[in-house]
Amino acid sequence: MVMLWSLQKARPLWITNLQEDETEEMEGPQSPGQLLNPALAHSISVASCGNIFSCGAEDGKVRIFRVMGVKCEQELGFKGHTLGVSQVCFLPESYLLLTGGNDGKITLWDANSEVEKKQKSPTKRTHRKKPKRGTCTKQGGKTNASVTDEEEHGNILPKLNIDHGEKVNWLLGTKIKGHQNILVADQTSCISVYPLNEF
């Protein structure tokens, strides 16, 4: 469950069950032996605008919501990782979203065009198109998607992919000496630093 709380009234104003989305997808065909992870929420990050937030879940999906008064509406949902999404983090003053997964991958997504498009559109969509699921194949130790990025991630495409190699327990986008970097904590005792030169 993801909840929007009223701290004045000490009760939730809005609640969504991430497993409802999961139930719809389970009705489709599955390959034999495919394991399903429940849509347990692992991490939430609020964009600097204050009314957009992202949720990373155990089912490998990233969901982006917009707060509208006392309720929230899902703006976007896409498969972000092959295993659970352990961390999500919006970079300051942008809709650039970092995600880290149990699959050892770190991805930078640019949600700006999708968030801005939905903000300008006065019409409300009543039916959401289900995203197509992709399959992955291993070639030489690297994972290559056998479907296009648009089919796998909807209209949002990854700007950067980092193969960290270890399950990501925590990540943060921050400036160090005037340059944007990603700090990553995993199951080791070290913090990894990745530069984000072009962002």
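Remember, it's a predicted structure, so these values are computed and weren't measured experimentally.

Chemist: Explanation requested: the overall build of the chain in the structure shown.
Modeler: A count of helices and strands for the chain gives three helices and 15 strands. By the burial criterion, 38% of the 199 residues in the chain qualify as buried. A sequence separation of at least 24 residues applies to 43% of the contacts in the chain between residues at least 6 apart. Approximately 11,700 Å² of the chain is accessible, and the part contributed by carbon and sulfur atoms is 53%.

Chemist: What exactly am I supposed to notice about the pairing of strand S7 (residues 85-90) here?
Modeler: Looking down a regular strand, the side chains alternate between one sheet face and the other. Counting buried positions along S7 yields six of six residues, so the element is predominantly enclosed. Two elements, S7 and strand S8 (residues 96-101), share five bridges in a ladder whose sense is antiparallel. Bridging from a neighbouring strand, Phe-90 pairs with Leu-97 of S8. Connecting S7 to the next strand, S8, in antiparallel fashion are five residues, including Glu-93 with a positive phi near 60°.

Chemist: Would you take a moment to explain the packing of aromatic side chains for this structure?
Modeler: In this description, an aromatic ring pair is defined by two values, namely the gap between the centres and the angle between the planes. Tallied over the entire structure, the rule returns three aromatic pairs. Between Trp-14 and Phe-65 the ring centres are 5.7 Å apart and the planes differ by 70°, which places this aromatic pair in the edge-to-face class. Within this pair, whereas Trp-14 is found in strand S2 (residues 11-16), its partner Phe-65 is found in strand S5 (residues 61-68), the two being separated by 51 residues in sequence. For the pair Phe-53 and Phe-65, a centre-to-centre distance of 5.0 Å together with 15° between the ring planes defines the contact as stacked. Of this pair, Phe-53 sits in strand S4 (residues 52-57) while Phe-65 is found in strand S5, placing the two residues twelve residues apart along the sequence.

Chemist: Would you mind going over a nonpolar patch on the surface with me for this structure?
Modeler: Together, Met-1, Met-3, Trp-5, Leu-7 and Ile-15 make up a nonpolar patch on the protein surface, roughly 600 Å² of accessible area in all. Mapped onto the elements, Leu-7 comes out in the loop between strand S1 (2-6) and S2.

Chemist: It is not clear to me how the side chain of Thr-107 should be interpreted in this structure. Could you clarify?
Modeler: Following the sequence through the fold, Thr-107 ends up in strand S9 (residues 105-110). Among the residues examined, Thr-107 registers a relative accessible area of 4% and is labelled buried. A polar side-chain atom of Thr-107 sits 3.3 Å from a polar atom in the side chain of Asn-161. Sequence-distant contacts of Thr-107, defined by excluding residues within four places in its chain, comprise His-81, Leu-97, Leu-98, Thr-99, Pro-158, Leu-160 and Asn-161.

So, how was this worked out
Along each chain, residue indices are assigned from 1 in the same order as the chain's sequence is written. This being a predicted model, a pLDDT of at least 70 is required before a residue's local features are given, and a value of 80 or more before pairs of side-chain atoms are given or counted; all residues contribute to the totals for chains, interfaces and linings. To obtain the side-chain values, all non-hydrogen atoms of the structure were included, while hydrogens and water were left out. Numbering of helices and strands runs from the N terminus, with a helix taken as a DSSP run of H or I at least four residues long and a strand as a DSSP run of E at least two residues long. With a 1.4 Å probe rolled over the protein chains alone, any residue whose accessible area is under 20% of its type maximum counts as buried; one over 50% counts as exposed, and the rest are partly exposed. Contacts between residues were defined by any pair of non-hydrogen atoms, one from each residue, lying within 4.5 Å. Here the accessible surface of atoms and residues is derived via Shrake-Rupley with a 1.4 Å probe, and residues count as covered only by protein chains that are part of the display. Whether two strands pair depends on DSSP finding at least two bridges between them. Pairing of aromatic rings covers Phe, Tyr and the six-membered ring of Trp, with a centre-to-centre limit of 6.5 Å; geometry is then stacked below 30 degrees between planes, edge-to-face above 60, and tilted otherwise. Candidates for patches are residues over 30% relative accessible area with no salt bridge; among them, like charges are joined within 9 Å and nonpolar side chains (Val, Leu, Ile, Met, Phe, Trp, Tyr) within 5 Å. Basic side-chain nitrogens of Lys or Arg form a salt bridge, by our definition, when they fall within 4 Å of a carboxyl oxygen of Asp or Glu. Polar contact criterion, stated in full: a pair of N or O atoms within 3.5 Å, where within protein one must be able to donate a hydrogen and the other to accept it, and residues adjacent in sequence count only if both atoms are side-chain atoms.

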